[in-house]
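Structural overview for review
Residues per chain are reported as follows:
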Amino acid sequence: MNDLSAVLWRERELLELLTFKLEEEQLLLAAGRSRWVSHASREVEQVLERLRSTGLERAASSACSTSRLACDTQRERPAASRSCSSSSLNVSSS
């Protein structure tokens with residue numbers, strides 16, 4: 001779960017960076033500073049690429065966490081069933 005949390009945090013930071021880069025690009029366009037727009041666009045593309053790879057990492061980490069939780073639940077379920085069965089035996093024998 002810590003891995004998933006770290007990936008989600010990194011993705012959040014990248015989304016904030018993307019917002020900043022898009023606003024920066026918009027300001028350059030509004031100011032007529034076309035000389036720098038290509039640089040700003042390149043930076044937006046770089047952040048988008050990092051977001052794509054982080055999204056894949058999030059999907060993999062999420063699948064792994066889900067799998068771990070499912071295994072933990074399956075391990076706990078038989079133990080709970082046994083304790084219910086044994087307590088029902090105790091009740092009927094009293």
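Residues numbered from 1 in each chain as written. Predicted model: local features only at pLDDT ≥ 70, side-chain atom pairs only at ≥ 80, totals over all residues. Heavy atoms only, no water.

In this section: the pattern of salt bridges. Throughout the structure, instances matching the rule amount to six salt bridges. Between Arg 10 and Glu 57 there is a salt bridge, and its shortest N-O distance comes to 2.7 Å. Of the two residues, Arg 10 is situated in helix H1 (residues 2–30) and Glu 57 in helix H2 (residues 34–93); the sequence distance between them amounts to 47 residues. Two residues, Arg 12 and Glu 16, come together in a salt bridge whose shortest N-O distance is 3.1 Å. Of the two residues, Arg 12 and Glu 16 both sit in helix H1, four residues apart, roughly one turn of that helix. Under the relative-accessibility criterion, Arg 12 is labelled partly exposed at 42%. Relative accessible area serves as the criterion here: at 43%, Glu 16 is assigned to the partly exposed category. Overlapping salt bridges bring together Lys 21, Glu 24 and Glu 43 as one network. (Salt bridge = Lys/Arg side-chain N within 4 Å of Asp/Glu carboxyl O. Helix = DSSP H or I, 4+ residues; strand = E, 2+ residues; numbered from the N terminus. Buried < 20%, exposed > 50% of the residue type's maximum accessible area, 1.4 Å probe, protein only.)

This part covers the nonpolar core. The nonpolar side chains of a soluble globular protein tend to be buried with one another. In this structure, Leu 14, Leu 18, Val 44, Val 47 and Leu 51 together form the largest nonpolar core, which totals five residues. Looking at this core, the elements with two or more residues in it are H1 and H2. Among residues more than four places away in sequence, those in contact with Val 44 are Leu 18, Lys 21, Leu 22 and Glu 25. (Core = buried A, V, L, I, M, F, W, Y, C linked by side-chain atoms within 4.5 Å. Contact = heavy atoms within 4.5 Å.)

Moving on, we get to H1. In an α-helix there are 3.6 residues to a turn, and that puts residues three or four apart on one side. When the terminal C-alpha atoms of H1 are compared, their 42 Å separation across 29 residues agrees well with the 42 Å that a helix rising 1.5 Å per residue should span. Following H1 by one or two positions, Gly 32 has its phi on the positive side, about 75 degrees. (Expected span 1.5 Å × (residues − 1).)

Tracing the backbone through its elements, the reader meets Ser 61 in helix H2. Looking at Ser 61, its side chain comes within polar contact range of the main-chain nitrogen of Leu 4, at 3.2 Å. Apart from the residues within four sequence positions on either side, Ser 61 is in contact with Asp 3 and Leu 4. (Polar contact = N/O pair within 3.5 Å; in protein donor to acceptor, adjacent residues only side chain to side chain.)

Let's shift gears to the confidence of the model for the protein. Confidence along the protein averages 85 in pLDDT terms, with 81% of residues attaining 70 or more. This model gives residues 82–94 a pLDDT under 50, and the stretch forms zero contacts once residues within four places in sequence are excluded. (pLDDT = per-residue confidence, 0-100.)

On to the environment of Leu 27, then. Residue placement: Leu 27 occurs in helix H1. Sequence spacing of Leu 27 and Val 37 is 10 residues, and the spatial spacing of their C-alpha atoms is 9.5 Å.

Another aspect to go through is the side chain of Ser 65. Relative to the assigned elements, Ser 65 resides in helix H2. Those residues within four positions of Ser 65 in sequence are excluded, and the remaining contacts are Met 1 and Leu 4.

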